[in-house]
Amino acid sequence: MAIAETYSRGRNYLAEQPLGLLVAVVCVILLLDLVRKLLDGSLSALSLGIFVKEGLILGLELGLAGVGLSMTYSILGFANFAHGDYISTGAFAGWATTYVVAGFGALPLGDLVLVGVSGDATAGDVGVSVVSTPLAVVAGLVVAVGVAIVLSLVLDRVAYKPMRNQEGIALLIASIGVALALRYLLAFVFGTSAPGVTGGEVPGVTVPGIGIQINAHEATLAVCTVVLLAGVHVLLQYTKLGTAMRAMADNRDLARVTGIPTERVVRMTWIIGGGLTGAAGYLVTLETGTISFDFGWTLLLLIFAAVILGGIGSVYGAMFGGLVIGLASQVSLVWIPSDFTTAVAFAVMIVVLVVKPSGLFSGVTTT
């Protein structure tokens, strides 16, 4: 009876979700082909390891940046298209601070504030890294977090709070306007080039047996991201604020009736989400070594893919979705040119949503 019931359930699932079977078959074929490439030497274990490492790094970046976007959606109910430009703004503020601290007294202050866009404050002259200028990097990270928090609070008060009782589409359009204003303000101040910001030797360690090298900047990003995401988990699960945030995500009106200070929760949501966003912008720039006025906007497309794949509104979905998107886009280099990795990321998102429309973590929730 149990075998017959299991068979019947499987048959019904295949009848209702034929695409699920197709996806499973494709995954098995790709896995077998991957094994074949490793065995015949057309793909080395080192190359695959590098793809996986780069995918994990990208996934951590997307997960950290996506948590703030997901929190905003779950509490306030709108997709903040200015989120990418919060990332850029926090990054520029942080790196301007890093340059000022690292090069103070040795180079013109104005050139340092402009992060090497003009003058003599180039990456080679300042020589910023977590090894050679650790205090400057820490100061920059703190300022990036602080500026992103202040920016989030100010823009909420000026642009979003007066519209909070309107339809979500009004807030979405407002966020697009905010995004354009921030992006081109950065372009006006810092220019449209993409200068390098880190300089000098960046030491690393080699993973025994595989040969993959992890440098100090990648390790810093990984450690900071894991610590911050763990902090978000503790906040949501073990604090009164986390309970209030989860209650508002489930039913804002009911939360207000039961005495939860909703405006305070909204303000804390912007503070936490903004802080994570600023940290993400700074750490991404530290790892990549370059910065540009629109890098946050470019990253936003992948962030949205990660958040939607995980289940928009779910903090844990944003974390897991970031890792899935990062790994899929980088491991796909085994079969396709690098120009198509972004397309792969969105293809993975679309396939998952067709099979599971509500996302991997199913729904609007902060848990």
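The rules we used
- Residues numbered from 1 in each chain as written.
- Predicted model: local features only at pLDDT ≥ 70, side-chain atom pairs only at ≥ 80, totals over all residues.
- Heavy atoms only, no water.
- UniProt positions renumbered as here; feature names shortened; annotations may be inferred.
- Salt bridge = Lys/Arg side-chain N within 4 Å of Asp/Glu carboxyl O.
- Buried < 20%, exposed > 50% of the residue type's maximum accessible area, 1.4 Å probe, protein only.
- Helix = DSSP H or I, 4+ residues; strand = E, 2+ residues; numbered from the N terminus.
- Axes fitted to C-alpha atoms, helices over the stretch in contact; angles between N-to-C directions.
- Parallel < 35°, antiparallel > 145°, perpendicular 65-115°, else oblique.
- Contact = heavy atoms within 4.5 Å.
- Nonpolar A, V, L, I, M, F, W, Y, C, P; charged D, E, K, R; others polar.
- Core = buried A, V, L, I, M, F, W, Y, C linked by side-chain atoms within 4.5 Å.
- Patch = residues over 30% accessible without salt bridge, like charges linked within 9 Å, V, L, I, M, F, W, Y side chains within 5 Å.
- Areas by Shrake-Rupley, 256 points an atom, 1.4 Å probe, with all protein chains shown as cover.
- Expected span 1.5 Å × (residues − 1).

For the protein chain, the name recorded in an unreviewed UniProt entry is Putative branched-chain amino acids ABC transporter permease, with Halococcus hamelinensis 100A6 as its organism. Its UniProt record gives the protein chain a comment under Subcellular location (unreviewed entry), which states: "Cell membrane". On record in UniProt, under Sequence similarities (unreviewed entry), the comment for the protein chain is "Belongs to the binding-protein-dependent transport system permease family. LivHM subfamily."

Draft legend 1. Focus on the pattern of salt bridges. By the definition in use, this model includes five salt bridges. One salt bridge in this structure joins Glu-54 and Lys-53, with 3.5 Å as the shortest N-O distance. According to the relative accessible area criterion, Glu-54 is partly exposed, its value standing at 27%. Close ionic contact of Lys-53 with Glu-218 constitutes a salt bridge, the shortest N to O distance being 3.2 Å. Taken together, the residues Lys-53 in helix α3 (residues 45-76) and Glu-218 in helix α9 (residues 216-238) connect sequence positions 165 residues apart. In this structure, a network of salt bridges that share partners links the residues Asp-33, Arg-36 and Asp-40.

Draft legend 2. Layout of the packing of α3 against helix α13 (residues 295-310). α13 packs onto α3 with a crossing angle of 75 degrees between their chain directions and a minimal axis gap of 9 Å. Taken as axis vectors, α3 and α13 run roughly perpendicular relative to one another. Contacts from Leu-62, Ala-65, Gly-66, Leu-69 and Ser-70 of α3 reach α13 at Leu-299, Leu-300, Leu-302, Ile-303, Phe-304, Ala-306 and Val-307. For the contact of α3 with α13, the class distribution of residues is 10 nonpolar, two polar and no charged.

Draft legend 3. A look at the nonpolar core. With 88 residues, the main nonpolar core has Tyr-86, Trp-95, Tyr-99 and Tyr-160 as its most contacted residues. At 11 residues, the largest contribution of residues to this core is made by α3. The contacts of Trp-95, once residues within four sequence positions are left out, are Val-115, Val-128, Val-197, Thr-198, Tyr-282, Thr-285, Leu-286 and Ile-291.

Draft legend 4. Just a nonpolar patch on the surface, in detail. Together, Ile-169, Ile-173, Ile-176, Leu-180 and Tyr-184 give the surface a local cluster of nonpolar side chains, amounting to about 480 Å² of exposed area. Turning to its location among the elements, Ile-169 is positioned in helix α8 (residues 168-190). On the basis of relative accessible area, Ile-169 is assigned to the exposed category, the value being 54%.

Draft legend 5. Representation of the side chain of Ser-70 within the structure. Take Ser-70: it is sitting in helix α3. Under the relative-accessibility criterion, Ser-70 is labelled buried at 0%. Setting aside anything within four residues of it in sequence, one finds Ser-70 in contact with Val-307, Gly-313, Ser-314, Val-315 and Ala-318.

Draft legend 6. The arrangement of helix α14 (residues 315-331) in detail. With 17 residues, α14 should reach 24 Å at 1.5 Å per residue; the first-to-last C-alpha distance of 24 Å fits that figure. The buried count for α14 comes to 13 of 17 residues, which makes it a mostly enclosed element.

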